[in-house]
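Residue-level structure breakdown
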Amino acid sequence: MSTMTAENRTAGRAAHRTGFWIVSAAFMTAMAFAAVPTPLYPIYEQRDGFPAYVITVVFAAYAVGVMLALYLAGHVSDWLGRRRLVLASLAIQALAALLFLFWNDVSGLLLARFVSGAGIGTLTAAATAHLGELRKVSHPHEDGRVSGTVASAVNLGGIALGPLLGGVIAQFLPAPILTPFEVFLVIIVLAIVFLAFVPETVDTVAARRPYAPQKVVVPPEARGAFIAAAIGAAAAFSVMGFFTALTASIVIGLLHLSGHLIAGVVAFAVTGASAVSQLATARLARRAKLQLGVALMIAGLGLVAVVGFTPSLALLLVAGMLAGAGVGLVFSSSIAVAVASAGPDNRGEVLSGMFLSAYAGLTVPVIAVGVALAFFPIANVLTVFALAVLVIVVVTAIPSLRRH
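Residues numbered from 1 in each chain as written. Predicted model: local features only at pLDDT ≥ 70, side-chain atom pairs only at ≥ 80, totals over all residues. Heavy atoms only, no water.

1. Some thoughts on the environment of T56
What counts, and what does not: Helix and strand assignments come from DSSP, with helices taken as H or I runs of at least 4 residues and strands as E runs of at least 2, each series counted from the N terminus. When a residue's accessible area, from a 1.4 Å probe over protein chains only, is under 20% of the maximum for its type it is buried; when over 50% it is exposed; and in between it is partly exposed. In this description, contact between two residues means that some pair of their heavy atoms is separated by no more than 4.5 Å.
Examined against the element boundaries, T56 turns out to sit in helix α3 (residues 53–73). Assessed through its relative accessible area of 3%, T56 is described here as buried. Along the primary structure T56 and G241 are separated by 185 residues, whereas in three dimensions their C-alpha atoms are 9.8 Å apart. Apart from the residues lying within four places of it in its own chain, the contact partners of T56 are L246, V366, I367 and G370.

2. A word on the packing of helix α5 (residues 82–102) against helix α6 (residues 106–138)
What counts is decided by this rule: Working convention: axes come from line fits to C-alpha atoms, limited for helices to the stretch in contact. Angles between N-to-C directions cover 0 to 180 degrees. Roughly parallel means an angle under 35 degrees; roughly antiparallel means over 145; roughly perpendicular covers 65 to 115; every other angle is labelled oblique. Crossings are classed by handedness, with left-handed meaning an anticlockwise turn of the near helix from the far one by less than a right angle and right-handed meaning a clockwise turn. Side-chain classes follow a simple rule in which Ala, Val, Leu, Ile, Met, Phe, Trp, Tyr, Cys and Pro form the nonpolar group, Asp, Glu, Lys and Arg form the charged group, and the remainder, Gly included, forms the polar group.
Put simply, α5 and α6 touch, their axes get as near as 8 Å, and they point 160° apart. Taken together, the axes of α5 and α6 are roughly antiparallel relative to one another. The crossing of α5 and α6 is left-handed. Its residues assigned to classes, the contact of α5 with α6 shows 18 nonpolar, six polar and four charged.

3. What to know about the packing of aromatic side chains
Centre distance and the angle of the planes are the two values used to describe a pair of aromatic rings. The test is simple: By convention, a stacked pair of Phe, Tyr or Trp rings (six-membered ring in the case of Trp) has centres within 6.5 Å and planes under 30 degrees apart, an edge-to-face pair has planes over 60 apart, and any other such pair is tilted. As a reminder, the over-ring test applies to NZ of lysine and CZ of arginine, requiring each to be within 6 Å of the ring centre and within 35 degrees of the ring normal.
Under the criterion given, the structure shown has nine aromatic pairs. A centroid spacing of 4.1 Å and a plane angle of 5° characterise the contact between F100 and F181, whose relative ring orientation is stacked. Pair noted here: F100 is in helix α5 and F181 is in helix α8 (residues 179–195), with a separation of 81 residues, a long-range link. F100 sits in the buried class, given a relative accessible area of 1%. Geometrically, the ring pair formed by F331 and F355 is tilted, given 5.8 Å between the ring centres and 55° between the ring planes. With F331 in helix α12 (residues 313–341) and F355 in helix α13 (residues 347–373), this pair connects stretches of sequence that are 24 residues apart. For the residue pair F331 and F355, the accessibility class agrees, reading buried in each case. Through a chain of ring-to-ring contacts, three or more aromatic side chains come together here, namely F33, F100, F181 and F184. If you follow R113 out to its NZ or CZ, it ends over the ring of Y62, 4.3 Å from the centre.

4. Let's talk about a nonpolar patch on the surface
Stated precisely, the cut-off is as follows: Two joining distances apply to patches: 9 Å for like charges and 5 Å for nonpolar side chains (Val, Leu, Ile, Met, Phe, Trp, Tyr), and every residue must have over 30% relative accessible area and no salt bridge. Computed by Shrake-Rupley with a 1.4 Å probe, the accessible areas treat only the displayed protein chains as cover when residues are assessed. For this document, the term salt bridge refers to a Lys or Arg side-chain nitrogen within 4 Å of an Asp or Glu carboxyl oxygen.
Taken together, the side chains of L68, Y71, L72 and Y211 make up a nonpolar region of the molecular surface, amounting to roughly 380 Å² of accessible area. On the secondary structure map, L68 appears in helix α3.

5. Topic: the pattern of salt bridges
Under the counting rule described, the total for this entry stands at three salt bridges. A salt bridge links E133 to R82; its shortest N-O distance comes to 2.7 Å. Here the residue E133 occupies a position in helix α6, and R82 occupies one in helix α5, the gap between them amounting to 51 residues. The class for E133 is buried, based on a relative accessible area of 13%. Owing to a relative accessible area of 1%, R82 belongs among the buried residues under this scheme. Here the salt bridges do not stand alone but share partners, grouping D78, R82 and E133 into one network.

6. Some details on α5
Operational definition: Helix span, as expected, comes to 1.5 Å for every residue beyond the first.
Relative to the 30 Å expected for 21 residues at 1.5 Å per residue, α5 spans 31 Å between its end C-alpha atoms, a close match to the ideal helical length. The complete set of buried residues in α5 reads R82, L85, V86, S89, L90, Q93, A94, A96, A97, L99, F100 and L101.

Below, the structure written as structure tokens:
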């Protein structure tokens, strides 16, 4: 009997170990799909003749979808189950892919981006919590550092991969506003099939409760750290939003370069550096990671301001990679604070709150920058944005560093 129990335990750990990597791949796929349109916006702009600020409106539709889904559904995996929410989010992304394929004028683009955002808002907290719980079963003596790093890295790594794939397809294959979504629709369907075999980590019967919209309950002693980390996450994600939404405009309007691949490569470099920085520092203590992240963001944002008055693709790449690497470390530190602030029965809820703050940062500053570009030179807007984010990051990091 004891042998049978040991065999079952070993088989269970193997299933959870495999499930961890399946969920990681599905998470990255969804994030990549959400970022595919980044280098494609100029194609829509040229085809339909809309002004540049419409791109920020389209991007805002995505971010509003993310935040609305985080508020309404980001926490329900705490009682409906992690796998069920991850599967639902992939199904929503498949719907968005169909909208991109069959309704691709401006109104359809807005709706598709909103639906895609809703899928990401449903996914992020559930997938992050699912990865932590799968890893806890497969590696019971490990702390949560590896699962948190992988979750954050695949999140941002997917955002990096999407623009690169979109740019490559747009540059070298026919039908650039259709082919990327055809490819991803197939990948998303495959991910759904594999997810069906991943173990559930929530006792959905015992955890059942009445539905209520998102709330974040953090113990009083952890609230100061949580609020500072949430504001830091918002500032960090504003950098991601800036490069994701406006890279093409900078490449064309400031650097006077053309080519969808260039915009895709810049976005890939920024978000790729973010993912790599997290993997490279996975075993660093939280304080050291935050210190390094703030230093990299200061250096990167300082160079972004310089790019405004000394336009250079090489300088933009270096600035973006430094800032992106810093974003990854600041954001992963914020996720670590959220995990430490949560109990097992509200982990999805607290993570949703952190992601909600991050995506608010992804949205509001980018819209402000898009509006400002209609009235002010791009060099001035670039400088003001970089310096404003730099100040916020430093100010919010100080309380967190004092606590450790």
